[in-house]
Amino acid sequence: MAIESVQMKVSGLMCSFCTMSVEKALKRNPAVKSVMVNLVHGIVLVEADTTKINREQLAEAVEKLGYEVSSTEIQQYKTDEDIFNLIKQRGTIGMVVSVIDLLVDPLNLFGLPQQYRTLFSLVVAAFVLLWVGYPILRKTIMAIRQRVINANVLLSAGAWGAFIIGVFSLFNPELPNFFPVAAWLMSLHLFFAYFKLDTRKKASDAVRKLINLQPAKARVIRGEQFVEVLTKEVLVGEIVEVRPGERIPLDGVVLEGSGSVDEASFTGESTPANKEIGTSVIGGTLNLDGALQIRVSKVGEDSFLNQIVGLMSRIAEKKPPVELLADKLMNYYGPVVFIIAVVAFVVWGLVTGNFVQAALISITTIIMGYPCALGITTPMLAAIAGGKGISIGLLVKASEVFYGLSRIDAIVFDKTGTLTYGKPTVTDTIALNGNVMELLSLAEALESKSEHPVGQAIAFFAQKEAAPKLVVKEFKAIPGKGVIGEVNNEAILAGKPSFIEQSGVEVTSGVKESIMALGNEGKTAVLVCKDKTVIGIIALQDIPRPTAEQVIEKMKHRGIRTVMLTGDAKQVAEPMAKKLGIDEVYAELLPDEKAIAIEDLQNKGYRIAMVGDGINDAPALAQSDVGIAIGAGTDVAIEAAGVILIGDRLIDVLNAVILGKASYRTMTGNVIIAVLFNVVGMLMATLGFITPILAIVIMIISIFSILINTLKIKTLKLESIQQESTAVLTEAKFKVTNMVCEGCSTKITNKLSAIPGVKDVKTRIAQKQVFVNYYSEEVKQDDLKKVLEKEGFNVIES
């Protein structure tokens, strides 16, 4: 016996009915020991004795159910796209023609004779069942051949049963015209399948976007020169060269050079990390300045980036959403409906001898048993509650998220970019000689030439304070340490305290005490020196969002515990947490450690909502009961989360929980209504108290009952903070006539992104356009234009 794991990439999985169908079909083979289906990523993992059943036979068993098995991820991606587009197209067409059919018959808005209406409905129903619903018909036939009763079988039985009754009505006017019922059942089934596939598609796209961070090519030394090769071909131990502005291709250790590397997306650190000989670097991070030569230490599945991908996938596997659990229960519901329908047919046929009437009652029972109202409650609630959320800047990506939100009793925040703006901002200027303007002028002269975010923040602050302009000569940047230059024939230095001391400048005990005091407040100190003398200190901090403290207070008032997770050092994180009133703080965490921290809190009994914006937050967002992403964050964080804050307002984190609790209460009510209609309706149908016409009326009543109950969500009162009305996120659009290359684009993005109040910057090189989202109370559009013009760009406001 050779028990091995066989992984198959499967397309066409829509819900847990599909999951259970695959599991049942595979487990019938005695050589199969276990089956695990990852619905989100379309992966089927089988433990089997490969001496008795090989991969091809396993794939054939899956394909016999109507699903498609791909040999590569690229092939699976294309197949997924094709199926998604097909279901979207067929579902839309089905809904359109079904609505038209409804207007013609039974509503008869055009006043047509009964004969013409019935014939029209016949054509529409046949078109919907045979062409629009062909994917469902095909899977139904294949499932029956494999002796599997799933959602497709139940749906088809109701739809085709209604169609058959409609056909009989052509010859017997006493029978009802059930053609519209057949068309609607199939169209709704396809239409809802589109939404399920869309959710799955977005979730799997998150992993693909994460993988795309890794550069496709790397510059590797082979022989006596550097050559470009595919990143996947680089071996452990090889040396790669990374120039300023390029992404580091793989994990490794710096052999030569030094520079600042932006690791915020992975570690959460708001300040770029200084990299010198002997320090480690992460593949996918951005080298800001300095040329680096790196010896590769990890490739393939061992790399940091791929470990995050794997972590996200494993978390997705062990956390099936509530909607999938409900679908699993439906596997028992389907056979029960058929059993009740058969029993009704037999009993009525034997008791009355009227087998036509018995067949009619049997079909009516199946139609009443098909959970139409139950099937629409989730998408209807998602549409209405989702619309309520969007109206205040909340996007809830999947219906099962409402259930998760309803149970939340602790909210965990990432610090950088979530509770704070994610950019260093000048908070203090200490001039030892009392001349603050001189301090700012000298600092601006040097830092305006720097590409480092800290230097750019200082330069912007000095410009905003209207410090006199000075000319610098002999400028030089020491990557990760500071800058030096000559102003008015005097040597000027600015940088880290350690760099200043290494340059031979005496740092007095008083200055050291000030640096320590600033550090205790979570601030970074930059010293400015003139002719070997410290003349002042400029302190910077990643400042909190204006309403963060008030939001935390409102959460406490509702009994919600607050926690901060960050990659920042404790001396930076703890003062920030204390200032905001956060209950608990975890600092100096890597991405996998954030997920572990979430799991630790869950083990203590908390139900967690995680709020984040970076790639480093993606595993924690996936591990949490509900992930909430800041709308201006990375695509990976947004795709890994269940809720997105479009308006970027922290108060909407609390509103998401309020909306979730109200939505889940509504969903519970809807399910009770739907089940009562189905169960009571089936019972009444089997007793002969419900005619086919009445069955249609009952289905309509159940749907409207659910609609009315769901519409209550629109009147739900949510929290607001008055002060947030001034924090307006505005978009500026510029035309930069001399932006001609990626270098120009990178420079523009770096310069504007460093300005406090700027949320994000996007460029279109071909159209010579720059789009900037910024907070108008912190920075003005004219300031943005001046920064670009100072860098030599020709700017026209659009």
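Residues numbered from 1 in each chain as written. Predicted model: local features only at pLDDT ≥ 70, side-chain atom pairs only at ≥ 80, totals over all residues. Heavy atoms only, no water.

In the nomenclature of an unreviewed UniProt entry, the chain corresponds to Heavy metal translocating P-type ATPase from the organism Elizabethkingia bruuniana. Quoted verbatim from the Sequence similarities (unreviewed entry) heading of the UniProt record, the comment on the chain is "Belongs to the cation transport ATPase (P-type) (TC 3.A.3) family. Type IB subfamily." (UniProt positions renumbered as here; feature names shortened; annotations may be inferred.)

Asker: Explain the nonpolar core to me, please; I cannot follow it from the model alone.
Answerer: General note: in soluble globular proteins, nonpolar side chains tend to be found buried as a group. Core analysis: the largest hydrophobic core is formed by 69 residues, its most contacted members being Met-8, Val-22, Leu-26 and Val-44. It is helix 7 (residues 179-211) that contributes the most residues to this core, 10 residues altogether. In contact with Met-8, not counting residues within four places along its chain, are Leu-26, Gly-42, Ile-43, Val-44, Val-46, Arg-55, Leu-58, Ala-59, Val-62 and Val-69. Core analysis: the second largest hydrophobic core is formed by 41 residues, Met-555, Ala-587, Val-611 and Leu-645 among them. (Core = buried A, V, L, I, M, F, W, Y, C linked by side-chain atoms within 4.5 Å. Buried < 20%, exposed > 50% of the residue type's maximum accessible area, 1.4 Å probe, protein only. Helix = DSSP H or I, 4+ residues; strand = E, 2+ residues; numbered from the N terminus. Contact = heavy atoms within 4.5 Å.)

Asker: Would you mind showing me how to read the sheet that holds strand 19 (residues 490-495) here?
Answerer: Hydrogen bonds between backbone atoms are what pair the strands of a sheet, whose relative direction is either parallel or antiparallel. Sheet architecture is open: 6 strands sit in the order 16-21-20-19-18-17, paired in antiparallel fashion. A strand with exactly one partner marks an edge of an open sheet, and here the two such strands are strand 16 (425-431) and strand 17 (472-478). Mean inter-strand twist for the sheet, computed between neighbouring axes without regard to direction, equals 15 degrees. As defined by bridge partners, strand 18 (residues 482-487) adjoins strand 19 across 6 bridges and the pair is classed as antiparallel. Across the sheet, Val-483 pairs through a bridge with Ala-494, a residue of strand 19. Sheet strands in contact with helix 15 (residues 436-447) are strand 16, strand 17, strand 18, strand 19, strand 20 (524-530) and strand 21 (533-541), and its direction is about 75 degrees off that of strand 21. (Pairing = 2+ DSSP bridges. Axes fitted to C-alpha atoms, helices over the stretch in contact; angles between N-to-C directions.)

Asker: Can you walk me through the confidence of the model for the chain in this structure?
Answerer: Taken as a whole, the chain shows an average pLDDT of 81; of its residues, 85% reach a score of 70 or greater. Mean pLDDT in the chain bottoms out at helix 9 (residues 304-317), which sits at 54, and peaks at strand 22 (residues 561-565), which reaches 94. Within the model, the stretch residues 314-324 combines pLDDT values under 50 with 22 contacts to residues more than four positions away or in other chains. (pLDDT = per-residue confidence, 0-100.)

Asker: Explanation requested: the sheet that holds strand 7 (residues 239-242) in the structure shown.
Answerer: Strand order across the open sheet formed by 6 strands is 6-5-7-13-8-11, with antiparallel pairing between neighbours. The outermost strands of the open sheet, each flanked by one partner alone, are strand 6 (225-230) and strand 11 (280-281). Where strand 8 (residues 251-256) and strand 13 (residues 292-298) come together, 5 bridges link them in antiparallel fashion. Considered in strand 13, the bridge of Val-253 is made with Arg-295.

Asker: Explain a nonpolar patch on the surface to me, please; I cannot follow it from the model alone.
Answerer: Nonpolar side chains collect at one region of the surface, where Val-99, Leu-102, Leu-103, Leu-107, Leu-109, Phe-110, Leu-112, Tyr-116, Leu-119, Leu-170 and Phe-171 lie side by side and expose about 1,000 Å² of accessible area between them. Breaking the nonpolar patch down by element, the ones donating at least two residues are helix 3 (73-104), helix 4 (114-132) and helix 6 (151-171). Mapped onto the fold, Leu-107 is located in the loop between helix 3 and helix 4. Judged by its relative accessible area of 47%, Leu-107 is partly exposed. (Patch = residues over 30% accessible without salt bridge, like charges linked within 9 Å, V, L, I, M, F, W, Y side chains within 5 Å. Areas by Shrake-Rupley, 256 points an atom, 1.4 Å probe, with all protein chains shown as cover. Salt bridge = Lys/Arg side-chain N within 4 Å of Asp/Glu carboxyl O.)

Asker: When you look at unusual backbone geometry in this model, what are you seeing that I'm missing?
Answerer: Of note in this structure, Glu-474 is not a glycine but carries a positive phi near 55 degrees. With respect to the helices and strands, Glu-474 occurs in strand 17. Positive phi outside glycine occurs at Asn-488, with the angle close to 55 degrees. With respect to the secondary-structure elements, Asn-488 resides in the loop between strand 18 and strand 19. Exposure remark for Asn-488: the relative accessible area of 58% places this residue in the exposed category.

Asker: How should the side chain of Thr-425 be read in this particular structure?
Answerer: Among the secondary structure elements, Thr-425 is positioned in strand 16. Other than its neighbours up to four places away in sequence, Thr-425 contacts Ala-539, Leu-540, Gln-541, Ile-543 and Pro-756.

Asker: So what exactly am I meant to see when it comes to the packing of aromatic side chains here?
Answerer: Both the distance between ring centres and the angle between the ring planes are used here to describe each pair of aromatic rings. In the structure shown here, the tally under the stated rule is 4 aromatic pairs. A centroid spacing of 5.5 Å and a plane angle of 15 degrees characterise the contact between Phe-127 and Trp-131, whose relative ring orientation is stacked. Of this pair, Phe-127 and Trp-131 are both found in helix 4, 4 residues apart, which corresponds to roughly one turn of the helix. Between Trp-160 and Phe-163, the aromatic rings sit 5.5 Å apart at their centres with planes inclined by 70 degrees, giving edge-to-face as the arrangement. With Trp-160 and Phe-163 both in helix 6 and 3 residues apart, this pair spans about one turn of that helix. A relative accessible area of 23% means that Trp-160 is categorised as partly exposed. Above the plane of the ring of Trp-131 lies Arg-90, whose end atom (NZ or CZ) is 3.9 Å from the centre. (Phe/Tyr/Trp six-rings, centres within 6.5 Å; stacked < 30°, edge-to-face > 60°. Lys NZ or Arg CZ within 6 Å of the ring centre and 35° of its normal.)

Asker: Please clarify how the UniProt feature "transmembrane region" (unreviewed entry) in the chain should be interpreted in this entry.
Answerer: When the UniProt feature table is mapped onto this chain, "transmembrane region" (unreviewed entry) is found at residues 118-137, 149-171, 177-195, 332-351, 357-384, 667-687 and 693-711. Across residues 118-137, the secondary structure splits into 95% helix and 0% strand, with the terminal C-alpha atoms separated by 23 Å.

Asker: How should I be thinking about helix 2 (residues 55-63) in this particular structure?
Answerer: It helps to recall that an α-helix has 3.6 residues per turn; residues three or four apart then point in one direction. Those residues of helix 2 lying buried are Leu-58, Ala-59 and Val-62. Across the axial projection of helix 2, the buried residues extend over an arc of 100 degrees, all falling on one side. N-capping of helix 2 is provided by Asn-54, with a side-chain oxygen placed 3.2 Å from the backbone N of Glu-56. (Arc of directions from axis to C-beta. Polar contact = N/O pair within 3.5 Å; in protein donor to acceptor, adjacent residues only side chain to side chain.)

Asker: What am I meant to see in the pattern of salt bridges here?
Answerer: Where side chains of opposite charge bring their charged atoms close, a pairing between them can arise. Going through the model one piece at a time under the given rule, you end up with 24 salt bridges. The salt bridge involving Glu-246 is made with Arg-219; its shortest N-O contact spans 2.8 Å. Taken together, the positions of Glu-246 in the loop between strand 7 and strand 8 and Arg-219 in strand 5 (residues 217-222) put the pair 27 residues apart, joining distant regions of the chain. A relative accessible area of 26% means that Glu-246 is categorised as partly exposed. One salt bridge connects Asp-414 with Lys-594, and the closest N-O pair in it is separated by 3.1 Å. Of this pair, Asp-414 sits in strand 15 (residues 410-414) while Lys-594 is found in helix 21 (residues 591-603), placing the two residues 180 residues apart along the sequence. This pair shows no difference in class: Asp-414 is buried, exactly as Lys-594 is.

Asker: I would appreciate a short explanation of the environment of Pro-591 in the present structure.
Answerer: With respect to the helices, strands and loops of the structure, Pro-591 is situated in helix 21. Considered as a pair, Pro-591 and Thr-566 are 25 residues apart in the sequence and their alpha carbons are 9.3 Å apart.

Asker: Is there a simple way to explain the environment of Arg-764 in this structure?
Answerer: With respect to the helices and strands, the residue Arg-764 is situated in strand 28 (residues 758-764). Separated by 19 residues in the primary sequence, Arg-764 and Ser-745 have C-alpha atoms spaced 8.1 Å apart. In contact with Arg-764, not counting residues within four places along its chain, are Met-739, Gln-769 and Phe-771.

Asker: Hey, could you run me through the side chain of Ser-187 in this one?
Answerer: With respect to the secondary-structure elements, Ser-187 resides in helix 7. The class for Ser-187 is buried, based on a relative accessible area of 0%. Here the side chain of Ser-187 touches Ala-183 through a polar contact of 2.9 Å, landing on its backbone oxygen. Leave out the neighbours within four places in its chain, and Ser-187 touches Gly-91, Gly-94, Met-95, Ser-98 and Val-128.

Asker: Looking at this structure, I do not really get the pairing of strand 29 (residues 769-775). What am I missing?
Answerer: Every regular strand shows the same layout, with side chains that alternate between the two sheet faces. Within strand 29, 7 of the 7 residues are buried, which leaves it mostly tucked inside the rest of the structure. A two-sided burial pattern is seen for strand 29, the buried positions comprising Gln-769, Phe-771, Asn-773 and Tyr-775 on one face and Val-770, Val-772 and Tyr-774 on the other. Bridge count for strand 28 against strand 29 is 6 bridges, and the pairing is antiparallel. Residue pairing for strand 29: Arg-764 is matched across the bridge by Gln-769. With antiparallel pairing between neighbouring strands as the criterion, strand 28 and strand 29 make up a hairpin whose turn holds 4 residues, including Lys-768 at a positive phi of roughly 55 degrees.

Asker: Explain the packing of helix 6 against helix 11 (residues 355-369) here, please?
Answerer: Two quantities define a packed helix pair, namely the angle between the axes and the distance from one axis to the other. Contact geometry of helix 6 with helix 11 gives a least axis separation of 9 Å together with a crossing angle of 140 degrees. It follows that helix 6 is oblique to helix 11 by the angle criterion. As helix 6 packs across helix 11, the resulting crossing turns out to be left-handed. Contacts between helix 6 and helix 11 involve Ala-157, Gly-158, Gly-161, Ala-162 and Ile-165 from the first element and Leu-360, Ile-363, Ile-366 and Ile-367 from the second. Per-class residue counts for the contact of helix 6 with helix 11 are 7 nonpolar, 2 polar and no charged. (Parallel < 35°, antiparallel > 145°, perpendicular 65-115°, else oblique. Left-handed = near helix turned anticlockwise from the far one by under 90°. Nonpolar A, V, L, I, M, F, W, Y, C, P; charged D, E, K, R; others polar.)

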